[in-house]
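# Summary of structural features
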Amino acid sequence: EIVSQVVKNGVTIPKEALRQDKGHAGVYLLRGESVEWRPIQLGASSVTRVAIRSGLEEGDAVALSTEAPLRDGSRVQPVER
């Protein structure tokens, strides 16, 4: 069985931006040249993207996966994709 769902006007992010902290989903939100941990609630997802039910707003920039581990307050050098 294939189930599909349409989410209108929803905020979505790449799945590679998702992180887990103590069993809770979240992302690292870009704040200038540092990151801030932000807990989120997940919604519907596709193979590459996931809808965010709460925790982010349209236009928020999130950090994608990195080789170096991130922590709240980590310094970063943002790159537009």
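In what follows, the structure referred to is the one given above.
Presented here is a report on the structure given in the accompanying data block. Because the structure is a prediction, the values reported are computed rather than measured. (Residues numbered from 1 in each chain as written. Predicted model: local features only at pLDDT ≥ 70, side-chain atom pairs only at ≥ 80, totals over all residues. Heavy atoms only, no water.)

## Digging into the sheet that holds strand β5 (residues 41-45)
Definition in use: Strands qualify as paired when DSSP identifies two bridges or more between them. Counting from the N terminus, the helices are DSSP H or I runs at least four residues long and the strands are E runs at least two residues long. Comment: axis = line fitted to C-alpha atoms, over the contacting stretch for helices; angle = value between 0 and 180 degrees taken between N-to-C directions.
Spatially, three strands are ordered β1-β6-β5 in an open sheet, and the strand pairing comes out antiparallel. Pairing within the sheet leaves two strands with one partner each, and these edge strands are β1 (11-14) and β5. Taken pair by pair, the neighbouring strands of this sheet meet at an average axis angle of 40°, ignoring direction. Relative to strand β6 (residues 49-54), β1 runs antiparallel, the two sharing four bridges. For Pro-14, the partnering residue across the bridge sits in β6 and is Arg-49.

## Some words on the pairing of β6
For a regular strand, side-chain orientation follows a simple rule: the groups alternate between the two sheet faces. Alignment of β5 against β6, held across three bridges, turns out to be antiparallel. From the neighbouring strand, Leu-42 faces β6, where its bridge partner is Ile-52. Counting the residues between successive antiparallel strands, the hairpin from β5 to β6 contains three residues.

## Some words on the packing of aromatic side chains
Put simply, the rule reads: Working definition: rings of Phe, Tyr and Trp (its six-membered ring) pair if their centres are within 6.5 Å, and the pair is stacked with planes under 30 degrees apart, edge-to-face with planes over 60 apart, and tilted otherwise. For each residue, the accessible area found with a 1.4 Å probe, counting protein chains only, is set against the maximum for its type, and the residue is called buried under 20%, exposed over 50%, and partly exposed in between.
Applying the stated criterion across every chain, the model contains one aromatic pair. Between Tyr-28 and Trp-37, the aromatic rings sit 5.2 Å apart at their centres with planes inclined by 65°, giving edge-to-face as the arrangement. Comparing Tyr-28 with Trp-37, the two get one shared label, buried.

## Thoughts on the environment of Ile-40
The topology assignment puts Ile-40 in the loop between β4 (34-39) and β5. On the basis of relative accessible area, Ile-40 is assigned to the buried category, the value being 8%. In this structure the C-alpha to C-alpha distance between Ile-40 and Leu-30, which are ten residues apart in sequence, comes to 15 Å.

## Considering the side chain of Ser-74
Here is the rule we go by: In protein, a polar contact requires one atom able to donate a hydrogen and another able to accept it; more generally it is a pair of N or O atoms within 3.5 Å, and residues adjacent in sequence count only if both atoms are side-chain atoms. Throughout, a residue-residue contact means that at least one pair of heavy atoms, one from each residue, lies within 4.5 Å.
Here Ser-74 shows up in the segment after β6. Side-chain polar atoms of Ser-74 contact the backbone nitrogen of Arg-71, separated by 2.8 Å. Excluding residues that lie within four positions of it along the chain, Ser-74 makes contacts with Glu-33, Ser-34 and Val-35.

Nothing here speaks to function; it is geometry throughout.
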